[in-house]
Amino acid sequence: MSDLLVDGRTAAIRPLPSRSAEGHRPTEVVVDVVVPVFNEETDLRPSVSRLHAFLAAELPYGFRITIADNASTDATWAEAQALAAELEHVRAVHLDAKGRGRALKAVWSASDAAVLAYMDVDLSTDLRALLPLVAPLISGHSDLAIGTRLARSSRVVRGPKREIISRTYNLLLRGTLSVSFSDAQCGFKAIRADVARDLLPLVEDVNWFFDTELLVLAQRAGLRIHEVPVDWVDDPDSRVDVVATAKEDLHGVVRLLRGFARGRIPVARLRAELGRDAEVPSAVPGVPRGMFGQLLRFGGVGVLSTLAYFVLYLALRDWTGPQAANLVALLVTAVANTAANRRVTFGVRGSDGALRHHAGGLIAFGVGLGLTSGSLWALHTLSPEPNRVLEVAVLVLANAISTLVRFLALRQLMAHRR
């Protein structure tokens, strides 16, 4: 048995057995699964024993389980050392300071495995997702892999509070940092060791924001992030301080935004070193990734379309009546709006897919026509001679709803253009 010195403390490392003549488990450690813990003396043994048994039976690669003790004050470290002595593929590392990110950074940086993974000690994620998580990294297809609880095929059991917080946080990341991954916080991730060596020195957070920062840097560097839908059951005994973690996450988001804006985070250099000089592909060619920018451009086109609509409506109303004026004005601006959004909002050039896009735009036009015509009908039914200001106000509200429908419809159409 050998020792690993981490933060001035020794940690027992039990060497993996050599492969027998008959051939059982490979000697080389391919996957190193880190389990960060803090004061988990009760759950540590059953969880690690279960994980060890599963990996020994199901994982066709050499593996190691590393228990990373985050300065526990109970018997967790003693239990970790005992497990390292008893189980042949388990080692224990002790850190003198708390922080999940600190533990992962220390252990991953010192690991000799080709793929580095981690999971929470409560094993909330179904372990059957581990092989799909690491396989794309071992094959070289992907650079990082994450479990996601927000995919349609994921099966998740948790309370509404955590569900709302999780979805809100990931929507915030999409709107501010233009991320494309769906679930930044799921405690079930893996990374190739060669990629980790480039990314880890740039990750500043040592606590819960570590995951998000690592993923954002990976995406900006043009790395491929593989997502695995998982089955996940909430741990009712979770000790995470939701409020404190939320504040820390918001601070981390602001720090990254400032770092990218000021050029302090060397994304270009990192992308060049990793051979990823090409821009990260957008969901729609020619348009920067992220709904926030698309919403801004769509809003600008929408303002111009709305002004054109009301100019036409008011010009035609006295000649044709309100319903006919609404039909003509809405149809003309709907066609022009779709054409403008193809080019300006979603960056679509040429005639490829134009017929489908305009067909979708006309369907959205039909929805808008129904909303505006229905609103006019309801208004004139309740008040046969409404004043012009009230009529326009009703139409503004109806148009706002139809605009949202149009954006979602067009975005879906343009996103599937390829």
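Quick look at the structure, then. Given the structure is predicted, the values throughout are model-derived calculations rather than measurements. (Residues numbered from 1 in each chain as written. Predicted model: local features only at pLDDT ≥ 70, side-chain atom pairs only at ≥ 80, totals over all residues. Heavy atoms only, no water.)

**Some details on unusual backbone geometry**
We note that Leu123 has phi near 50 degrees; this positive angle belongs to a residue other than glycine. Mapped onto the fold, Leu123 is located in the loop between strand E6 (115–119) and helix H4 (130–138). Even without being a glycine, Ser178 presents a positive backbone phi close to 55 degrees. Structurally, Ser178 can be placed in the loop between helix H5 (160–177) and strand E9 (188–192). (Helix = DSSP H or I, 4+ residues; strand = E, 2+ residues; numbered from the N terminus.)

**Focus: the pattern of salt bridges**
If you walk through the whole model with that rule in mind, you get 22 salt bridges. With a shortest N-O distance of 2.7 Å, Arg100 and Asp211 are connected by a salt bridge. Here the residue Arg100 occupies a position in helix H3 (residues 100–110), and Asp211 occupies one in helix H7 (residues 210–220), the gap between them amounting to 111 residues. We note a salt bridge from Arg155 to Asp231, for which the minimum N-O separation is 2.9 Å. Residue Arg155 is found in strand E8 (residues 155–157), and its partner Asp231 is found in strand E11 (residues 231–233); the two are separated by 76 residues along the sequence. Using a relative accessible area of 58% as the deciding quantity, one classes Arg155 as exposed. Salt bridges sharing partners connect three or more residues here, namely Asp32, Arg64, Arg91 and Asp112. (Salt bridge = Lys/Arg side-chain N within 4 Å of Asp/Glu carboxyl O. Buried < 20%, exposed > 50% of the residue type's maximum accessible area, 1.4 Å probe, protein only.)

From the geometry alone we can't say anything about function, so treat these as descriptive.
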